[in-house]
Amino acid sequence: MTHTRPSGETAGGQPALRQVMGPGLLLLFIIGDILGTGVYALTGEVAGEVGGAAWLPFAIAFAVALITACSYLELVTKYPQAAGAALYVHKAFGVHVLTFLVCFAVMCSGITSASAASRAFAANLATGFGIDAGNGVILLIAVGFMLLILAVNLRGVSEGVKVNIVLTAVELSGLLLVILLSLYFIAGGQADFSRVVAFESPTDKSVFLAVSTATSLAFFAMVGFEDSVNMAEETKDPVRIFPRMMFTGLGVTGLIYVLVSICAVAVVPVGRLSASETPLVEVVQTAAPAFPITNLMPFISMFAVGNSALINMLMASRLLYGMSKQGVLPPFLSRVHPVRRTPWMSILFTTALAIGLIAVLSLNPDSPVVALLGGTTSLLLLAVFAFVNVSVLALRKDKAEVRHFNAGRVLPVLGTITCVYLVLPWSSGRPAGQYEIAGVLLAIGMVLWGVTWFARRKRGNESLSR
């Protein structure tokens, strides 16, 4: 006899995730996830590597992201399920330890990004209210903000995406404010537009290595497009709408980044820009010091980085939920709340990791937390992107029953080469601290994988002996 499952229920008896995202919500999700901490906090750091040509690393990072996005589009339209990169690598190679590491790396990238955003949120809140807060107060604000993100995430993806709409509008308004006031300043003849084409690299780096280092850092501003594939099960008709929304979202954000970086170096001298922890606030205050709305810029920055934290925590929890359903992670992570229909155990788990990471890194008050975590985020994701590009080619033998996006053969190969180049230490110019953080996180992942594998093997032996 054939048994049918109740509507809205999965094969394991758990309720299915609610499909609430149409084209508009998906586009705002992608734009809101890409915009945020990177451009608001790291424009000065990028300028410090290449001088006035800060727009070039952002443009290169956009090109690398666009190439890899094509590989993601082929896979998400072929396999419209949660779990993203980890699912694709698992289908392509079937090696559980590799799948686990990819899963853990993507999850950690979301958590490192959200943790950096939470610290930036706390710093901007203190600046906006004129609070002379020490490291301990900033830490408490950051942790409190993560608990707020937890509440929104537990409430439901619909609520989370609606909050994302509001915050995306705020961060877009902030970036448009930077562009418009800068153009007014430039039109008044007060800016030094010649700085835009002035290339200045640190004395210990060649021009090529300086651009690579800046691009590795700028890539943190472009990550986020890949998060959307983890929302595939909560998207209406993903095969049809994902390609259009992905390309549109990347195009909008790429254009905004280039314009913001050009305006920033034209208005503020590179030395002052790179030394500031709030570079875009510096730009607005320089371009229009008497303009009343400039006092709102710290709060706009605060909401912008807050949006990054929200989206990344949504992604990380859905990733763990999806891989738990695939049997790669413990089954308790796939538990869905019977009323809210959200993956509540995965949400609690990822929030606990994020708070722990914020607390540990905040022990050293002199640590450049945002730049360090931003670089670690891009390092982890670029390594994952290399595997995704290879997976596209490996899965060509798996013929799908439905029509899907095709990335061709050249783009996945080119994507693999560029991602690996930006990961390797001798070509990317990354500081050692990023590799140390990534190494520790992946080592924790290997320990967890080993414990999970041993527990399953033990249960299997016990069942055979009965």
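The shown structure was predicted, so the numbers you read here are calculated from the model rather than taken from an experiment. (Residues numbered from 1 in each chain as written. Predicted model: local features only at pLDDT ≥ 70, side-chain atom pairs only at ≥ 80, totals over all residues. Heavy atoms only, no water.)

**Student:** Would you mind showing me how to read the overall build of the chain here?
**Tutor:** Summing up its helical and strand segments, the chain has 17 helices and zero strands in all. For the chain, with 466 residues in total, the buried portion stands at 55%. Across the chain, the fraction of contacts at a sequence separation of at least 24, relative to all contacts at a separation of at least 6, is 82%. Here the chain has roughly 18700 Å² of accessible surface; of this, 67% comes from carbon and sulfur atoms. (Helix = DSSP H or I, 4+ residues; strand = E, 2+ residues; numbered from the N terminus. Buried < 20%, exposed > 50% of the residue type's maximum accessible area, 1.4 Å probe, protein only. Contact = heavy atoms within 4.5 Å. Areas by Shrake-Rupley, 256 points an atom, 1.4 Å probe, with all protein chains shown as cover.)

**Student:** Just to check I follow, could you spell out a nonpolar patch on the surface for this structure?
**Tutor:** Together, F93, V95, F387 and V390 make up a nonpolar patch on the protein surface, roughly 290 Å² of accessible area in all. Along the chain, V390 turns up in helix α14 (residues 369–394). Taking relative accessible area as the criterion, V390 reaches 34% and is therefore assigned partly exposed. (Patch = residues over 30% accessible without salt bridge, like charges linked within 9 Å, V, L, I, M, F, W, Y side chains within 5 Å. Salt bridge = Lys/Arg side-chain N within 4 Å of Asp/Glu carboxyl O.)

**Student:** What should I look at first to understand empty space enclosed by the protein in this one?
**Tutor:** What the rule picks out here adds up to one cavity of 30 Å³ or more. Here the largest cavity defines a volume of roughly 70 Å³. Lining the largest cavity are 10 residues, and of these D33, S113, F220, V223 and S308 sit closest to its centre. Listed by contribution, the elements that provide at least two residues to the lining of the largest cavity are α1 (23–34), α2 (37–50) and α12 (297–325). Of the residues contributing to the lining of the largest cavity, the split by class is three nonpolar, six polar and one charged. (1 Å grid on protein atoms, 1.4 Å probe; cavity = no way out; pocket = protein on both sides within 12 Å on 5 of 7 lines; lining within 4 Å. Points joined across faces, edges and corners; volume = space filled by probe spheres on them. Nonpolar A, V, L, I, M, F, W, Y, C, P; charged D, E, K, R; others polar.)

**Student:** What am I meant to see in the packing of helix α3 (residues 55–78) against α14 here?
**Tutor:** Helix packing geometry: the angle between the two helix axes and the distance between the axes. Contact geometry for α3 and α14: axes closest at 9 Å, N-to-C directions at 50 degrees. By the angle between their axes, α3 is oblique relative to α14. In terms of crossing hand, the pair formed by α3 and α14 is left-handed. On α14, the residues that touch V64, T68, S71, Y72, E74 and L75 of α3 are L382, V384, F385, V388, N389 and V392. (Axes fitted to C-alpha atoms, helices over the stretch in contact; angles between N-to-C directions. Parallel < 35°, antiparallel > 145°, perpendicular 65-115°, else oblique. Left-handed = near helix turned anticlockwise from the far one by under 90°.)

**Student:** Help me understand the confidence of the model for the chain in this model?
**Tutor:** Scored by pLDDT, the chain comes out at a mean of 81, with 86% of its residues at no less than 70. In the model of the chain, helix α17 (residues 432–465) stands out as the element of lowest mean pLDDT, 76, in contrast to helix α15 (residues 410–421), which has the highest, 95. Taken as a whole, residues 1–7 scores under 50 in pLDDT and shows two contacts with residues more than four places along the chain or in a different chain. (pLDDT = per-residue confidence, 0-100.)

**Student:** Can you help me understand the nonpolar core in this one?
**Tutor:** Inside soluble globular proteins, nonpolar side chains tend to come together where they are buried. Of all hydrophobic cores here, the largest spans 137 residues; its most connected members are Y40, Y72, F225 and M297. If we skip the residues at most four places from it in the chain, F225 touches I30, I34, A65, T68, A69, Y72, M246, L250 and F385. (Core = buried A, V, L, I, M, F, W, Y, C linked by side-chain atoms within 4.5 Å.)

**Student:** What's the story with the packing of aromatic side chains in this structure? I'm lost.
**Tutor:** To describe a pair of aromatic rings, you give the distance between the ring centres and the angle between the ring planes. All chains considered together, the criterion is met by 11 aromatic pairs. Plain terms: the ring middles of F121 and F145 are 4.0 Å apart, the flat faces sit at 20 degrees to each other, and that makes the pair stacked. Taken as a pair, F121 in helix α5 (residues 96–128) and F145 in helix α6 (residues 135–155) lie far apart in primary sequence, 24 residues in all. Comparing F121 with F145, the two get one shared label, buried. With 5.9 Å between their ring centres and 55 degrees between their planes, F247 and F405 make a pair best called tilted. Highlighted residues: F247 in helix α9 (residues 238–267) and F405 in the loop between α14 and α15, separated in sequence by 158 residues. (Phe/Tyr/Trp six-rings, centres within 6.5 Å; stacked < 30°, edge-to-face > 60°.)

**Student:** Explain the pattern of salt bridges to me, please; I cannot follow it from the model alone.
**Tutor:** Note that side chains of opposite charge can pair when their charged atoms are close. For the coordinates displayed, the defined rule picks out three salt bridges. Note that R272 is salt-bridged to E282, the shortest N-O span being 2.9 Å. Here E282 lies in helix α11 (residues 279–287) and R272 lies in helix α10 (residues 270–275), a separation of 10 residues in the sequence. Note on R272: relative accessible area 39%, which makes it partly exposed.

**Student:** Even after reading the chapter, I still don't get α3, so can you show me in this structure?
**Tutor:** In this model α3 runs 35 Å from its N-terminal to its C-terminal C-alpha over 24 residues, within 8% of the 34 Å that 1.5 Å per residue would give. Summarising burial for α3: 17 of the 24 residues are buried, a large majority. (Expected span 1.5 Å × (residues − 1).)

**Student:** So what exactly am I meant to see when it comes to the environment of V284 here?
**Tutor:** Relative to the helices and strands, V284 is located in helix α11. Given the relative accessible area of 1%, V284 is considered buried. On a C-alpha basis, the gap between V284 and A264 in space is 8.9 Å, while along the polypeptide they are 20 residues apart.

**Student:** What's the story with the environment of G450 in this structure? I'm lost.
**Tutor:** Residue position: G450 is located in helix α17. With 353 residues separating them along the chain, G450 and V97 place their C-alpha atoms 8.8 Å apart.

**Student:** What exactly am I supposed to notice about the side chain of S71 here?
**Tutor:** Among the secondary structure elements, S71 is positioned in helix α3. Judged by relative accessible area, which is 0%, S71 ranks as buried. If we skip the residues at most four places from it in the chain, S71 touches V388, N389, V392, A407 and P412.

**Student:** Would you explain the side chain of T43 in this entry?
**Tutor:** Along the polypeptide, T43 turns up in helix α2. Residue T43 is classed as buried on the basis of its relative accessible area, which comes to 1%. In this structure, T43 is in contact with G38, F58, A264, P279 and L280, ignoring residues within four places of it in sequence.

**Student:** Looking at this model, I keep getting lost on the packing of helix α4 (residues 84–93) against α14. Mind explaining?
**Tutor:** Direction vectors running N to C along α4 and α14 enclose 45 degrees, while the axes themselves pass 9 Å from each other. Taken together, the axes of α4 and α14 are oblique relative to one another. Relative to α14, α4 is oriented so that their crossing is left-handed. Residues A85, Y88, V89, A92 and F93 of α4 form the contact with α14, whose own contacting residues are V384, F387, V388, V390, S391 and A394. In terms of residue class, the contact of α4 with α14 is made up of 10 nonpolar, one polar and no charged.

**Student:** In this structure, what is going on with α14? I would like to understand it.
**Tutor:** For an α-helix, the turn length of 3.6 residues means that residues three or four places apart are oriented alike. For α14, with 26 residues, the first-to-last C-alpha span of 38 Å sits near the 38 Å given by 1.5 Å per residue. Counting buried residues along α14, 21 of its 26 residues qualify, which places the element largely inside the surrounding structure.

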